[in-house]
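# A structural walkthrough
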Amino acid sequence: MDQRRWRRWTMRAVLAGGVLAVSAAGAFFFFRPPQVTVAAAAVRDITPVIQGVGTVEAKTVVRVSAKITGRLVSVLADQGDTVRTGQLLATLDRAEQQAQVAQAEAAVQRARMALIAQEVALRKTAAAVQAAEATVGRLTATENLAKVNADRWRQLHRDGGVSRVEMDLRVTEAVVAGQERRSAEAQRRVAEEEVAVGEASLDTLRQEIRVAEAALAATRARQADTEIRSPLDGVVVLRELEAGATVNPGSGILKIADPRTAWVTVHVDERDLGSIGVGDRAEVSLRSLPGRPVPGRVARVQRESDRVTEQLAVDIAFVERPERLTLGEQAEARIRPPARLGAVGVPLGALIRTSDGPGVWTVTAGRLVFRQVRVGIVDPGGWVEMLEGVRKGDEVVVAPGKLADRRNEGRRVTVVRAQPTGRSPAGAWQSAQVKEAK
């Protein structure tokens, strides 16, 4: 009986010891500090590669339209056609313009005939002035002679040589000669005024001719506008209207693109804008040329981003343009800005995004300390440039996982130092996973 009781108490003691051992082990694992992996910030060259997706576009694209209202008689080019500068592309009905040209030509002819008639009339008036001047001269001489005779006959009458009747006759002849001279002078003044009026009319007719000729040139220009020609060398990418349609000024008929100005427009994140500049190297992958990247250069960085996607358009010119390009074709680009030499970098996995901006965790005296940072460029090897907040040799927590929450500020941790492996950013650091106690 005592032996059985002793065995029972022994079993109970063993079970109690096991429970205590398990409880102690659980408490150890539960309350021990989580383990984190840290890596030192290092000075290195960081070469970013910025990716963007977009389409093939053309810098020079012209929408060919009509300048006047009219009915399309013919469209002489179609999509895919190569056209040259000045080539006839479409024609409009020109019956109305032809009638207007004929009317304007008749108006010019009438104005020229009126000018000729006025010139003839002016010459006649000038001749009349000359005749009047000759008459005035002759009558002036006659008047002077009559006055001399009248004075002579007055003297003879005083001497008693002639009768008063004869003297009065000579005096009357002098008076009549004076009146005839004054009448001729009046006629000369009228003729001179007619010449001045004729010359003014001549200037007016010349102006009317210029106006009529300008109207004729305008109507001929409108007639020429019925022939729509290509403004550049290029390829027709869109045919918008067919013959028989009525067009208004600005109505698009064809769209022409200059393939020599083709480039790729891709969209990149606003955060990558600071490292992109005109002239940066790029590799373009076209959907029509899989596996054959085409070299390019950044030609233009637009200055207005999309307010929804927070992306910015970047235009990439081809160094060697492929033989065949399709506008609107999908393309991907890898832009390679110049390397940032001697930059302080940390693993990309150490970067934490917060509402206050980016930051990293560091460990001080075995506890987590958060640092706000200002970052620069990122390279494909998984390094991010630190502009402020981290210096060379500072150790940062890599891949903090659940510890990324700012509420873990001051939490005690144990540290494992990582070594770079040279692999991709996802696995560039050994022992980078946080191991928290259960």
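One structure accompanies this document, and this report is about it. (Residues numbered from 1 in each chain as written. Predicted model: local features only at pLDDT ≥ 70, side-chain atom pairs only at ≥ 80, totals over all residues. Heavy atoms only, no water.)

### Some remarks on the overall build of the chain
- Scanning the chain from N- to C-terminus turns up three helices and 24 strands.
- Contacts in the chain between residues far apart in sequence, at least 24 positions, make up 75% of those at least 6 positions apart.
- For the chain, the exposed surface amounts to about 26,200 Å²; the carbon and sulfur share of it is 52%. (Helix = DSSP H or I, 4+ residues; strand = E, 2+ residues; numbered from the N terminus. Contact = heavy atoms within 4.5 Å. Areas by Shrake-Rupley, 256 points an atom, 1.4 Å probe, with all protein chains shown as cover.)

### So, the nonpolar core
- In terms of nonpolar packing, the biggest core is built from 20 residues, with Val264, Ile276, Val284, Leu286, Val314, Ile316 and Ile335 touching the most fellow members.
- Within the residue set of this core, elements represented by two or more residues are β3 (50-58), β12 (262-269), β13 (281-286), β14 (294-301), β15 (311-318) and β16 (330-336).
- Considering every element that reaches this core, the biggest residue donor is β15, with four residues.
- With near-sequence residues (within four places) excluded, isoleucine 276 lies in contact with Ile50, Val268, Val298, Val301, Val314 and Ile335.
- By size, the runner-up hydrophobic cluster in this structure holds 17 residues, among which are Val64, Val83, Leu232 and Ile256. (Core = buried A, V, L, I, M, F, W, Y, C linked by side-chain atoms within 4.5 Å. Buried < 20%, exposed > 50% of the residue type's maximum accessible area, 1.4 Å probe, protein only.)

### Concerning unusual backbone geometry
- We note that glutamate 310 has phi near 60°; this positive angle belongs to a residue other than glycine.
- With respect to the helices and strands, the residue glutamate 310 is situated in the loop between β14 and β15.
- In this structure glutamate 310 comes out as partly exposed when scored by relative accessible area, which is 47%.
- Notably, alanine 399 is not glycine yet its phi reads approximately 50°, a positive angle.
- The class for alanine 399 is partly exposed, based on a relative accessible area of 33%.

### Some remarks on the packing of helix α2 (residues 95-159) against helix α3 (residues 164-224)
- Two numbers describe how α2 lies on α3: the axes approach to 6 Å, and their chain directions differ by 165°. Taken together, the axis directions place α2 and α3 in an arrangement best described as roughly antiparallel. Helix-helix and strand crossings are classified by hand; for α2 and α3 the assignment is left-handed.
- Grouping the constituent residues of the contact of α2 with α3 by class yields 30 nonpolar, 16 polar and 23 charged. (Axes fitted to C-alpha atoms, helices over the stretch in contact; angles between N-to-C directions. Parallel < 35°, antiparallel > 145°, perpendicular 65-115°, else oblique. Left-handed = near helix turned anticlockwise from the far one by under 90°. Nonpolar A, V, L, I, M, F, W, Y, C, P; charged D, E, K, R; others polar.)

### Topic: the sheet that holds β16
- The strand order around the closed barrel formed by six strands is β3-β12-β15-β14-β13-β16, and the pairing between neighbours is antiparallel. Neighbour to neighbour, the strand axes of the sheet diverge by 40° on average, direction disregarded.
- Bridge count between β3 and β12: six bridges; the pairing is antiparallel. Bridged to glutamate 57 within β12 is tryptophan 263. (Pairing = 2+ DSSP bridges.)

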